[in-house]
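Here's the letter readout for the chains.
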Amino acid sequence: MNIGIIVFPGSNCDRDCVHVLSEVMGQSAHLIWHQGTSVKGMDAIILPGGFSYGDYLRTGAIARFSPIMDAVVEFAGRGGMVLGICNGFQILLEAGLLPGAMLRNRHLSFICEDIYVRVENADTPFTNQCEPGQILRLPIAHADGNYYTNPVTLSALQANAQIVFRYCDREGHVTSQANPNGSLDNIAGIRNATGNILGLMPHPERGAEKVLHNEDGGLLFRSILSALERNQIHQPV
Amino acid sequence: MKAKIFVTLKNGILDPQGRAIQQSLHTLGFSTVEDVRMGKFMELDLNETDTTSAENTIKSMCEKLLANTVIEDYRFEILEI
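Being a predicted model, the structure only gives us computed values, none of them experimental. (Residues numbered from 1 in each chain as written. Chains lettered and ligands numbered in written order. Predicted model: local features only at pLDDT ≥ 70, side-chain atom pairs only at ≥ 80, totals over all residues.)

Undergrad: What is the right way to read the overall build of chain A from this model?
TA: Along the backbone of chain A there are five helices and eleven strands. The globule rule puts the C-alpha radius of gyration for 237 residues at 18 Å, and the 16 Å found for chain A is close to it. Here the C-alpha coordinates of chain A stretch approximately 45 × 35 × 35 Å along the principal axes. Buried residues in chain A amount to 55% of all 237 residues. Sequence separation of at least 24 residues holds for 76% of the intrachain contacts in chain A that already meet a minimum separation of 6. (Helix = DSSP H or I, 4+ residues; strand = E, 2+ residues; numbered from the N terminus. Rg over C-alpha atoms; globule rule 2.2 N^0.38 Å. Buried ≥ 20, exposed ≤ 12 C-beta atoms within 10 Å, placed from the backbone. Contact = placed C-beta atoms within 7 Å.)

Dropping the structure here:
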């Protein structure tokens, strides 16, 4: 499969995604510079983590207007799979491809640590290799991961099973102590209504390799590949 | 003309920075501070002469980029030079 990874000025997790997809999983990973205007030939798109535009004004606020985003929005509109990791999730929110917004972490610190998330919906193209309720250990590294949306949208997310990952403790209990950043309803990752776009704050690309003693994140990538293979979704050239 | 733009978190949205600032002020003895909300201030120089046109432009800029209207409110003042 051809996976396109968008690189904005300030993105810094793009090469980790390339490494996982190509070295660990044997796929064709392509770095796409933000000034590009096409994602032709890509089967899925990743918006990686980092500090696009230095997080100036708001995280992801400027990157969402990068030239490549027209192509990404159009690709997503055709049902193409888009994964936003950390800053990528923030960009998807600013672009309106996912509902809601990110606030500064409740305790104001940049948090860099391993946390646990529970898979709330294993019936998505991003989690089909997971069990419902499976606990994944993933690293987070962010200062603005405090997910917020209004009560109406939150109810809709809950009703439509759009909350895909929630922060939990080691045993899978979703508690406020297990919530690293104050995010509403312990939300760590959500999908859009049609299910082809996922954003999550944790970094699956940093936990996808045996040598790192963490392969939980690899399940997301393997799910994407499985979904592409099963549906034979190769985007029309 | 110059425009001054103020972007603040909507009421009801937790502002941990504002709260941290309030706590610091209390520690310094400014006990009458009941609440602090932190926001952003931007100054723009606009090459415009028509106030109404400038207002529309600024509103568009705020809606599109300068404020995230999911979580932020904005207001602005125009100063004619």
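Undergrad: Would you explain the overall build of chain B in this entry?
TA: Check the secondary structure of chain B and you find two helices and three strands. Going residue by residue from the N terminus, the α and β elements of chain B occur as β-α-β-α-β. Against the 2.2 N^0.38 benchmark of 12 Å for 81 residues, chain B shows a C-alpha radius of gyration of 16 Å, more extended than a compact globule. By the burial criterion, 14% of the 81 residues in chain B qualify as buried. Across chain B, contacts joining residues at least 24 apart in sequence account for 70% of those joining residues at least 6 apart.

Undergrad: Would you mind showing me how to read the nonpolar core here?
TA: One broad trend across soluble globular proteins is that nonpolar side chains are buried collectively. Grouped together as the largest cluster of nonpolar side chains are 74 residues, with contacts concentrated most on Ile45(A), Val72(A), Leu83(A), Leu92(A), Val117(A) and Ile224(A). No other element matches helix 5 (residues 218-231) of chain A, which puts seven residues into this core. Discounting residues that sit within four places of it in the chain, Ile224(A) has contacts with Ala44(A), Met81(A), Leu83(A), Pro125(A) and Phe126(A). Membership of the second largest hydrophobic core comes to eight residues, among which are Ala3(B), Leu66(B), Ala67(B) and Tyr74(B). (Core = buried A, V, L, I, M, F, W, Y, C linked by C-beta atoms within 7 Å.)

Undergrad: So what exactly am I meant to see when it comes to the pairing of strand 10 (residues 187-191) of chain A here?
TA: Moving residue by residue along a regular strand, the side chains alternate between the two faces of the sheet. Residue and element names in this part refer to chain A. Among the five residues of strand 10, five are classified as buried, and the element is accordingly described as predominantly covered. Across three bridges, strand 9 (residues 163-168) lies against strand 10 in antiparallel orientation. Bridged to Ile163 within strand 10 is Ile190. Pairing analysis gives three bridges linking strand 10 to strand 11 (residues 197-200), with the strands arranged antiparallel. Directly across from Ile190, in strand 11, lies its bridge partner Gly199. Between strand 10 and the antiparallel strand that follows it, strand 11, lie five residues; Gly195 among them carries a positive phi value of about 85°. (Pairing = 2+ DSSP bridges.)

Undergrad: How do you make sense of the sheet that holds strand 1 (residues 2-9) of chain B when you look at a structure like this?
TA: One key point about sheets: their strands pair by backbone hydrogen bonds, in either a parallel or an antiparallel sense. Residue and element names in this part refer to chain B. Pairing in this open sheet of three strands is antiparallel, and the strands run 2-1-3 from one edge to the other. On the outer flanks of this sheet lie strand 2 (39-45) and strand 3 (72-79), each paired with one strand and no other. Ignoring which end each strand starts from, the neighbouring axes of this sheet average 15° apart. When strand 1 meets strand 3, the two strands line up antiparallel, connected through eight bridges. Residue pairing across strands places Ile5 opposite Phe76, the latter belonging to strand 3. (Axes fitted to C-alpha atoms, helices over the stretch in contact; angles between N-to-C directions.)

Undergrad: What am I meant to see in the sheet that holds strand 6 (residues 111-119) of chain A here?
TA: Residue and element names in this part refer to chain A. Reading across from one edge, 2-1-3-4-11-10-9-6-7 is the order of the nine strands in this open sheet, with mixed pairing throughout. Both outer strands of the open sheet, strand 2 (28-33) and strand 7 (135-142), are each paired with one neighbouring strand and no more. In this sheet, adjacent strand axes meet at a mean angle of 25° when their direction is disregarded. Relative to strand 9, strand 6 runs antiparallel, the two being bridged by four bridges. Across the sheet, Val119 pairs through a bridge with Phe165, a residue of strand 9.

Undergrad: Honestly, the confidence of the model for chain B in this entry has me stumped. Any pointers?
TA: As a general rule, the predicted coordinates of low-pLDDT regions are not to be interpreted in detail. Of all residues in chain B, 100% attain a pLDDT of 70 or more, and the chain-wide mean is 95. As scored by the predictor, the complex reaches a pTM of 0.95 and an ipTM of 0.90. (pLDDT = per-residue confidence, 0-100.)

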